[in-house]
Amino acid sequence: MEPDWLPGCYRNLPCLPGEALPGYLLRLAEANGYESIAALLRAAGINTRGLNMGYSSKLRTDAEALAILGRMAVGDPGHLSGHAAKVLDGPAFFMRECRVDSDALLHERVQVCPQCLAEDGYIKEELELAPVTVCSTHKVLLVDECPDCGRSLDWKRSSLMACGHCGADLRMATPTPVGADVCEVAEDFAALAPFRLVTHGGEPAADMWDLMFRIFKALALPDAFWASTEWPRRVVQFMPVKERHAVVGLLAKARRGGSYFLSDLQPKARAALAPMLAIPRPYVLEQCALLLLQSEAGITKEYAEAMCSQQPLPRAAKGVEIFSGRPPSLRTPDEVAAFLASDWQTVEGLMARKVLTNPIDSEHGYDIDELLAGQTFLHLGVFTLAEMTAIVGVPLDWDDLVHSNFLRPWNSRNPSDLRVAVGEVVSIQMELAAKWAANGRPTSGVLLRDFALRTDRPFQVVSEAVVLALRGDLNPFGWGPRFDWGGLKISEQDERRLSEMFRTQLSGSSKNHFGHAGV
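Residues numbered from 1 in each chain as written. Predicted model: local features only at pLDDT ≥ 70, side-chain atom pairs only at ≥ 80, totals over all residues. Heavy atoms only, no water.

Some details on the confidence of the model for the chain
Working step 1: In this model, the chain carries a mean pLDDT of 91, and residues with pLDDT of at least 70 account for 94%.
Working step 2: Considering only residues more than four positions removed or in separate chains, one finds that residues 1–6, a stretch of pLDDT under 50, has nine contacts.
Working step 3: Contacts for the low-pLDDT stretch residues 506–519, under 50 throughout, to residues beyond four places or in other chains number 32 contacts. (pLDDT = per-residue confidence, 0-100. Contact = heavy atoms within 4.5 Å.)

The following block contains the structure:
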């Protein structure tokens with residue numbers, strides 16, 4: 001018969017209610033003379049490979065290891081079963097009857113309340129959650145670095161109460177007081193229970209903890225991620241407590257009567273995507289925000305719109321609605337051209353861009369909803385010369401666009417239509433915004449417009465600089481406040497580089513050489 005105990009643990013300690021699993025293991029290891037959690041696990045015969053990313057998440061999903069540790073600690077294999085979790089896609093864990101994203105757990109970082117350590121002698125389980133940044137009992141900001149040496153706290157230490165690098169007593173740290181409002185947010189996350197969220201409709205609706213964490217994560221993401229519409233799998237778990245606490249502060253301002261008013265969170269999207277306000281079309285910033293919030297983060301449309309738009313975004317009307325259930329049946333290209341008030345070359349261009357598709361058969365004709373989308377595209381989906389001049393930020397004419405390999409006309413089937421597709425310009429603007437934000441959003445530099453206007457072909461100078469910026473071949477550049485391309489602020493080194501480039505071209509090259517670089 002297998003014994004209910006294991007060698008190597010001479011002082012048995014029970015895991016206290018609400019105690020963090022790795023904190024308990026460190027307390028058990030220390031009481032029994034082991035130098036670390038890893039040493040305790042090895043003594044129990046548990047493989048420590050792969051535990052560098054956090055003892056809690058790895059051990060929670062290993063029922064056999066939890067049983068061994070329970071027998072070792074108190075002679076009960078089920079003693080730690082309450083800490084068990086299942087691995088879900090995402091990656092995520094199902095723990096305490098709640099889906100918890102892996103990025104919501106602090107696998108490596110450790111945060112403590114010095115007063116709780118001094119009074120209770122253990123670390124609470126809720127402090128493993130990244131959105132919990134304060135101790136609501138003592139109303140203080142949690143501590144995640146040593147007050148003496150400044151090194152980050154982790155679980156690879158020999159004492160629960162001391163820094164693993166310099167041995168400083170963590171109980172002696174002086175925490176920062178916080179208000180009751182942020183404590184309420186922390187308590188909501190610590191409960192691992194649904195949240196009450198309010199959208200444009202004004203009525204609160206309950207939704208799952210995991211969705212609220214995705215909202216938290218979106219607010220925590222650096223602006224460059226918004227502009228690149230990138231949703232990283234792991235980012236929150238690596239953030240220091242002060243950065244995460246800034247997000248808790250935003251949520252506290254949006255919390256009233258126990259509900260979170262998502263429209264109060266709109267400043268994040270508007271700040272992160274500020275360069276999109278330079279695009280002279282309605283709802284560009286909001287649509288770009290939805291690419292991250294809805295498409296990448298998986299936040300439902302109603303919540304995502306409330307986080308980035310003052311009102312629900314308008315939807316395209318259906319043909320059956322516009323024509324009272326009797327939309328026209330257009331069967332020939334000439335009928336389509338007449339409906340769009342255009343020519344057949346324009347219809348061909350719309351089909352090349354897959355705005356329109358050929359009908360299934362002549363009896364049914366062209367899809368009326370696609371035709372309405374074509375109307376919208378011709379009205380709002382292309383930029384005129386005047387609009388492109390405002391975006392580029394320097395004078396340009398049709399001749400500039402004819403010879404440009406950077407901005408191409410939307411319809412290659414009609415050489416006389418040199419309008420530029422809005423979508424392509426939006427993509428360039430988003431890429432520029434991502435590059436600018438990734439470099440810390442500098443504000444200084446040589447104004448590109450001033451340099452470009454000293455040359456014979458300012459549009460080609462600006463477009464060349466934009467191409468270099470998109471390729472990552474420019475030094476960190478400044479931008480704003482209008483966010484036109486001529487408003488880029490380049491380094492003196494890049495100014496000399498462009499000057500040499502265009503001095504060579506201007507000395508004896510034909511016009512076709514300008515704007516030679518493509519994206």
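Quick notes on the sheet that holds strand E7 (residues 204–207)
Working step 1: In space, the four strands of this open sheet follow the order E7-E6-E9-E8, with mixed pairing throughout. Each edge of the open sheet is held by one strand with a lone partner, namely E7 and strand E8 (255–256).
Working step 2: Where strand E6 (residues 195–198) lies against E7, four bridges are found, and the strand directions are antiparallel. Residue pairing in the sheet places valine 198 in a bridge with proline 204 of E7. (Pairing = 2+ DSSP bridges. Helix = DSSP H or I, 4+ residues; strand = E, 2+ residues; numbered from the N terminus.)

Description of the pairing of strand E2 (residues 92–95)
Successive side chains on a regular strand alternate, one facing one side of the sheet and the next facing the other.
Working step 1: Judged from the three bridges that link them, strand E1 (residues 86–88) and E2 form a sheet pairing that is antiparallel. The residue of E2 that forms the bridge with lysine 86 is phenylalanine 94.
Working step 2: In this structure, the hairpin formed by E1 and E2 is closed by a connection of three residues, where glycine 90 is found at a positive phi of approximately 145°.
Working step 3: Looking at chain direction, E2 and strand E3 (residues 98–101) are connected through four bridges and run antiparallel. Bridge assignment links methionine 95 to a residue of E3, and that residue is cysteine 98.
Working step 4: Taken together, E2 and the strand that follows it, E3, pair antiparallel across an intervening segment of two residues, in which arginine 96 is found at a positive phi of about 50°.

Observations concerning the nonpolar core
Working step 1: Membership of the largest hydrophobic core comes to 156 residues, with the highest contact counts inside it found for Trp209, Ile215, Trp226, Leu273, Leu407 and Trp485.
Working step 2: For tryptophan 209, the residues in contact, after removing those within four places along its chain, are Cys98, Arg99, Val100, Ala104, Leu129, Asp188, Phe189, Leu192, Ala193, Pro194 and Phe195.
Working step 3: Among the nonpolar cores identified, the runner-up in size contains 18 residues, and Val336, Val355, Tyr366 and Leu378 belong to it. (Core = buried A, V, L, I, M, F, W, Y, C linked by side-chain atoms within 4.5 Å. Buried < 20%, exposed > 50% of the residue type's maximum accessible area, 1.4 Å probe, protein only.)

Here we look at unusual backbone geometry
Working step 1: Cis rather than trans, the peptide bond between glycine 480 and proline 481 has omega equal to 0°.
Working step 2: Mapped onto the elements, proline 481 comes out in the loop between helix H21 (458–471) and strand E13 (489–490).
Working step 3: Of note, glutamate 97 is a non-glycine position whose phi angle comes to about 60°, a positive value.
Working step 4: If you trace the backbone, glutamate 97 turns up in the loop between E2 and E3.
Working step 5: Look at alanine 341: it is not a glycine, yet its phi comes out positive at around 55°.
Working step 6: Mapped onto the fold, alanine 341 is located in the loop between helix H14 (333–339) and helix H15 (344–352).

Examining the sheet that holds E3
Working step 1: Pairing in this open sheet of three strands is antiparallel, and the strands run E1-E2-E3 from one edge to the other. Bordering the open sheet on either side are E1 and E3, each of which pairs with just one other strand. Here the strands of the sheet are splayed against their neighbours by 35° on average, with no regard to which way each runs. (Axes fitted to C-alpha atoms, helices over the stretch in contact; angles between N-to-C directions.)

Digging into the packing of helix H6 (residues 180–190) against helix H9 (residues 241–254)
Working step 1: The contact between H6 and H9 brings their axes to 9 Å, and the two run at 100°. Classified by the angle between their axes, H6 and H9 sit roughly perpendicular to one another. Seen from H6, the contacting residues are Asp181, Val182, Val185 and Phe189; seen from H9, they are His245, Val248, Gly249, Leu251 and Ala252.
Working step 2: Its residues placed into classes, the contact of H6 with H9 shows six nonpolar, two polar and one charged. (Parallel < 35°, antiparallel > 145°, perpendicular 65-115°, else oblique. Nonpolar A, V, L, I, M, F, W, Y, C, P; charged D, E, K, R; others polar.)

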